[in-house]
Amino acid sequence: MTTVVPATEPPVARAGDPGGEMYALMTRLYPICRSITGDGLRETLRIIAEYIPLTIREVPTGTQVFDWQVPREWNIAGAYIKTASGETVVDFRDSNLHVMSYSRPVRGRFSLEELRPHLFSLPDHPDWIPYRTTYYTDAWGFCLQHARLAALAEGEYEVCIDASLGDGHLSLGEVVIPGRRGEEVLISTHACHPSMCNDNLSGIVVATFLARHLAVAPREYTYRVLFVPGMIGALTWLALNEDRLPKIRAGLVLACVGDPGGFTYKRSRRGDAEIDRVMSHVLRTSGRTHRIVEFSPDGYDERQYNSPGFDLPVGALSRTPHGQFAEYHTSADDLTLVRPESLAESLDLVRDVLDVLEANRTYQNLSPKGEPRLGARGLYRSMGGRVERAANELALLWVLNLSDGRHSLLDVAERSGLTFPVVKSAADALAGVGLLRELER
Ligand code: ZN
């Protein structure tokens, strides 16, 4: 368990640079009380829709999704605990983490003894408020600072949770950016956490700005970016889109991508999917601190996408992973934990990964008997400076050698130890003089 050292002052949200803009959006979304259903989630999706052409789909309570059902919709107007003398000791207006998400409505007087089983705190971090949920069991509770809990005197308390649980809808946000091919790349982030930044606003803002970036230029693949409530939202989307799933060539779940820690990539269940190989190549050649871990059926919605009935090639990208920073699922996961430059670096990394995925072609060498005369075609000793030229010339030889129809440019990069962009420009040069023919992917 590492504590991510927060800055002393929250950074100023600036427009004009991606990190600053993402941070500004995060600052705007931070106060909203989100849950797996309800107006907070809806309001969040509506704000995202100001940035990208988001389609918001409302799925009714009770809709069967595999082994689950879309739950009742939860909304909350306010909540408090007051002493008998009318002094407020916990107020939802101070922090939406104070109420356990999906608490049923409560109004009444309770002794401290009766109240205690409904109060949750963190003795190790007495000034932090924990984040708790009770989505699928009928319960209620308050989360509060341990210091405040410890100071509660014996006596009677007035308790109010002004919430509603009833038939309604679950909201799904989705943006589709059509590409030249029918094959799709899925980007998914959960959008159901109340006021916490790394988990989960960081994933929301990076996915939003990624969608905006992808929409600027024509793409090879179709991109589908999802903003869904964790677990039940991903399952609902999967249930509604089962016929589309065979088209998914690659996917990424984004979460906890705003803290200053190094990157962590969790492979897909397959372990050697193209996205796994592209991600490890890009991370390795980026020089950025990172860790690659094998798939495990926990974490975020990768566990749904990688369940055996789907087995989609979807990996998961984080910086410091969930549960491995002390502020995780507490009020200390706030705007000081996330840095604009970390958001920007995460966005850059995903853009680089998608660039490689887009450009990862397989070629056939059309002059495979011996080395073709590169000098005669203007390719040898004509590109770049001295050191760069050596790498470029080597790249030409590697691409020619491995372009037997069975190796992709990523295979060439991996086997040669060269970076993907160097291999890609060698292939472009060779294709430009008619030495390579691109094969169907
Ligand atoms: Zn979480």
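Residues numbered from 1 in each chain as written. Predicted model: local features only at pLDDT ≥ 70, side-chain atom pairs only at ≥ 80, totals over all residues. Heavy atoms only, no water.

> Would you mind showing me how to read the coordination of the zinc ion here?
Ideal geometry at a metal gives 109.5 degrees between four tetrahedral donors and either 90 or 180 degrees between six octahedral ones. Within the protein, the zinc ion binds to His193 (NE2), Asp199 (OD) and His329 (NE2); these donor distances fall in the range 2.0 to 2.1 Å. For the zinc ion, the donor residues sit on a single chain with the sequence spacing H-x5-D-x129-H. Summarising the burial analysis for this pair, His193 and Asp199 share the class buried. (Donors = N, O, S within 2.8 Å, 3.2 Å for Na, K, Ca; no water. Buried < 20%, exposed > 50% of the residue type's maximum accessible area, 1.4 Å probe, protein only.)

> Where do I start with the packing of aromatic side chains in this structure?
Aromatic rings considered in pairs are described by the distance between their centres and by the relative angle of their planes. For the structure on display, the rule yields 9 aromatic pairs. Taking 5.7 Å as the distance between ring centres and 55° as the angle between the ring planes, the aromatic pair formed by Tyr51 and Phe209 counts as tilted. Linking Tyr51 in the loop between α2 (39–48) and β1 (55–60) with Phe209 in helix α5 (residues 197–214), this pair joins segments that are 158 residues apart in sequence. Overall, Tyr51 belongs to the partly exposed group, its relative accessible area being 24%. With a centroid separation of 6.5 Å and 85° between ring planes, the pair formed by Trp140 and Phe142 is classed as edge-to-face. The exposure class assigned to Phe142 is buried, which follows from its relative accessible area of 0%. Lys82 extends its terminal NZ or CZ atom over the ring of Tyr80, reaching a point 4.5 Å from the ring centre. Positioned above the aromatic ring of Phe263 is the side chain of Arg319, whose terminal nitrogen or guanidinium carbon lies 4.3 Å from the ring centre. (Phe/Tyr/Trp six-rings, centres within 6.5 Å; stacked < 30°, edge-to-face > 60°. Helix = DSSP H or I, 4+ residues; strand = E, 2+ residues; numbered from the N terminus. Lys NZ or Arg CZ within 6 Å of the ring centre and 35° of its normal.)

> Would you mind showing me how to read the sheet that holds strand β12 (residues 222–228) here?
Whether parallel or antiparallel, the strands of a sheet pair through hydrogen bonds between backbone atoms. The mixed open sheet is built from 8 strands, whose spatial order is β1-β10-β12-β11-β13-β16-β14-β15. Each end of this open sheet is capped by a strand with a single partner; those strands are β1 and β15 (290–293). Neighbour to neighbour, the strand axes of the sheet diverge by 20° on average, direction disregarded. Taken together, the 6 bridges between β1 and strand β10 (residues 169–177) define a ladder with antiparallel strand orientation. The residue of β10 that forms the bridge with Val59 is Leu170. The strands touched by α2 are β1, β10 and β12; relative to β10, the strand with the most contacts, the crossing angle is about 20°. Across the sheet, helix α6 (residues 232–240) touches β1, β10, β11 (184–190), β12 and β13 (248–254), and the angle it forms with β10 is around 65°. (Pairing = 2+ DSSP bridges. Axes fitted to C-alpha atoms, helices over the stretch in contact; angles between N-to-C directions. Contact = heavy atoms within 4.5 Å.)

> For this particular structure, what's the right way to read the nonpolar core?
Soluble globular proteins tend to bury their nonpolar side chains together. Counting residues in hydrophobic clusters, the biggest one holds 75 residues, and the most contacted among them are Phe227, Leu252, Leu317, Leu354 and Leu430. Of the domains in this structure, domain 1 (18–71 + 174–359) and domain 3 (362–438) are the two that each give at least three residues to this core. Apart from the residues lying within four places of it in its own chain, the contact partners of Leu252 are Leu186, Ile187, Ser188, Tyr265, Ile275, Met279, Val314, Gly315, Ala316, Leu317 and Val350. (Core = buried A, V, L, I, M, F, W, Y, C linked by side-chain atoms within 4.5 Å. Domains from an automatic or database assignment.)

> Can you help me understand the packing of helix α1 (residues 18–29) against α5 in this one?
Helices that pack against each other are described as a pair by the angle of their axes relative to one another and the distance between those axes. Packing of α1 against α5 leaves a shortest axis separation of 9 Å and a crossing angle of 130°. With respect to α5, the element α1 is oriented oblique. Considering how the two elements wind past one another, α1 and α5 form a crossing that is right-handed. Touching Glu21, Met22, Leu25, Met26 and Leu29 of α1 are Cys197, Leu201, Ser202, Ile204, Val205, Val206, Thr208, Phe209 and Arg212, all from α5. (Parallel < 35°, antiparallel > 145°, perpendicular 65-115°, else oblique. Left-handed = near helix turned anticlockwise from the far one by under 90°.)

> What's the story with the sheet that holds strand β6 (residues 106–111) in this structure? I'm lost.
The antiparallel open sheet is built from 4 strands, whose spatial order is β5-β4-β9-β6. The open sheet terminates on both sides in strands that have one partner only, identified here as β5 (88–91) and β6. Across the sheet, the mean angle separating the axes of adjacent strands is 15° when strand polarity is ignored. In the sheet, β6 pairs with strand β9 (residues 156–166) via 6 bridges, with the strands oriented antiparallel. Paired with Arg109 across the two strands is Glu158, which belongs to β9.

> Is there a simple way to explain the layout of surface pockets in this structure?
Where empty space is left in the structure can be found by rolling a water-sized probe over the atoms. Roughly 450 Å³ of volume is contained in the largest pocket. Tyr135, His193, Gly230, Met231 and Gly299 are the residues nearest the centre of the largest pocket, which is lined by 21 residues in total. Considering only residue class, the lining of the largest pocket consists of 9 nonpolar, 8 polar and 4 charged. Two domains share the lining of the largest pocket, each providing at least three of its residues, namely domain 1 (18–71 + 174–359) and domain 2 (74–166). (1 Å grid on protein atoms, 1.4 Å probe; cavity = no way out; pocket = protein on both sides within 12 Å on 5 of 7 lines; lining within 4 Å. Points joined across faces, edges and corners; volume = space filled by probe spheres on them. Nonpolar A, V, L, I, M, F, W, Y, C, P; charged D, E, K, R; others polar.)

> Can you help me understand the pattern of salt bridges in this one?
A side chain with one charge can pair with a side chain of the opposite charge if their charged atoms come near. Inspection of every chain in the model, using the stated rule, returns 30 salt bridges. A salt bridge links Arg46 to Glu50; the shortest N-O distance between them is 3.5 Å. Overall, Glu50 belongs to the partly exposed group, its relative accessible area being 46%. Across the pair Arg224 and Glu184 runs a salt bridge, and its minimum N-O distance is 2.8 Å. Here Arg224 is found in strand β12, whereas its partner Glu184 is found in strand β11, with 40 residues between them in sequence. Members of the salt-bridge network, linked through shared partners, are Arg180, Arg181, Glu220, Arg361 and Glu438. (Salt bridge = Lys/Arg side-chain N within 4 Å of Asp/Glu carboxyl O.)

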